[in-house]
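# A look at the structure
Okay, here's what each chain looks like letter by letter:
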Amino acid sequence: TRWVEGFTNKVPCSECNGTRLKKEALYFRINQKNIAELASMDITLLDEWFRHIEKKLSSQQNIIAKEVLKEIRARIGFLLEVGLGYVTLN
């Protein structure tokens, strides 16, 4: 595979800027973060971000997000428990 490297060039996609997500998916933001920005945070920072997210959401948004946030926190908690706080989701 090394010989192939001489013929290739790494260039981020001009549409997604290397996130590998459709531009439509990047339009949606929660507390000024899109899914690509959240996925690039290490698990420890992501845990901190999700601890305070309810304060940034409206009451209606909190009702909608309650079960999803519960599940996300459980999964982040597991990753922290097994010592993977330094990794990112991407």
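Let me sum up the structure you'll find in this document. (Residues numbered from 1 in each chain as written. Predicted model: local features only at pLDDT ≥ 70, side-chain atom pairs only at ≥ 80, totals over all residues. Heavy atoms only, no water.)

### Thoughts on the layout of surface pockets
Here is the rule we go by: Any residue with an atom within 4 Å of a point lines the site, the site being either a cavity, points on a 1 Å grid over the protein atoms alone where a 1.4 Å probe fits but cannot get out, or a pocket, an open set with protein on both sides within 12 Å along at least 5 of 7 lines. Grid points are joined across faces, edges and corners, and a volume is the space filled by probe spheres set on the points. A run of H or I in DSSP counts as a helix once it spans at least four residues, and a run of E counts as a strand once it spans at least two, with each numbered from the N terminus.
Approximately 580 Å³ is the volume found for the largest pocket. Taken together, 26 residues form the lining of the largest pocket, with Ile30, Leu38, Trp49, Phe50 and Ile72 sitting closest to its centre. Those elements giving two or more residues to the lining of the largest pocket turn out to be α3 (35–39), α4 (43–51) and α5 (59–81). Looking at which element gives the most residues to the lining of the largest pocket, the answer is α5, with 9 residues.

### Things to note about the side chain of Asp47
Defined as follows: Three exposure classes are used, based on accessible area relative to the maximum for each residue type with a 1.4 Å probe and protein chains only: buried under 20%, partly exposed in between, and exposed over 50%. Pairs of N or O atoms are called polar contacts if they sit within 3.5 Å, as long as, within protein, a hydrogen donor faces a hydrogen acceptor (for residues adjacent in sequence, only side-chain-to-side-chain pairs).
In this structure, Asp47 sits in helix α4. By relative accessible area, Asp47 is classed as buried at 14%. At a separation of 2.7 Å, a polar atom in the side chain of Asp47 contacts the side chain of Arg51.

### Regarding the nonpolar core
Here is the rule we go by: Residue types Ala, Val, Leu, Ile, Met, Phe, Trp, Tyr and Cys, when buried and joined through side-chain atoms within 4.5 Å, form a set referred to as a nonpolar core. Any two residues whose heavy atoms approach within 4.5 Å at even a single point are treated as in contact.
Listed in full, the 11 residues of the largest apolar core are Leu38, Met41, Ile43, Leu46, Trp49, Phe50, Ile53, Leu57, Ala65, Leu69 and Ile76. Beyond its immediate stretch of four places on either side in the chain, Met41 contacts Leu46, Trp49, Val87, Thr88 and Leu89.

### Describing the side chain of Asn34
Structurally, Asn34 can be placed in the loop between α2 (23–27) and α3. Residue classification places Asn34 among the buried positions, given a relative accessible area of 7%. Residues in contact with Asn34, not counting those within four places in the same chain, are Leu26, Phe28 and Arg29.

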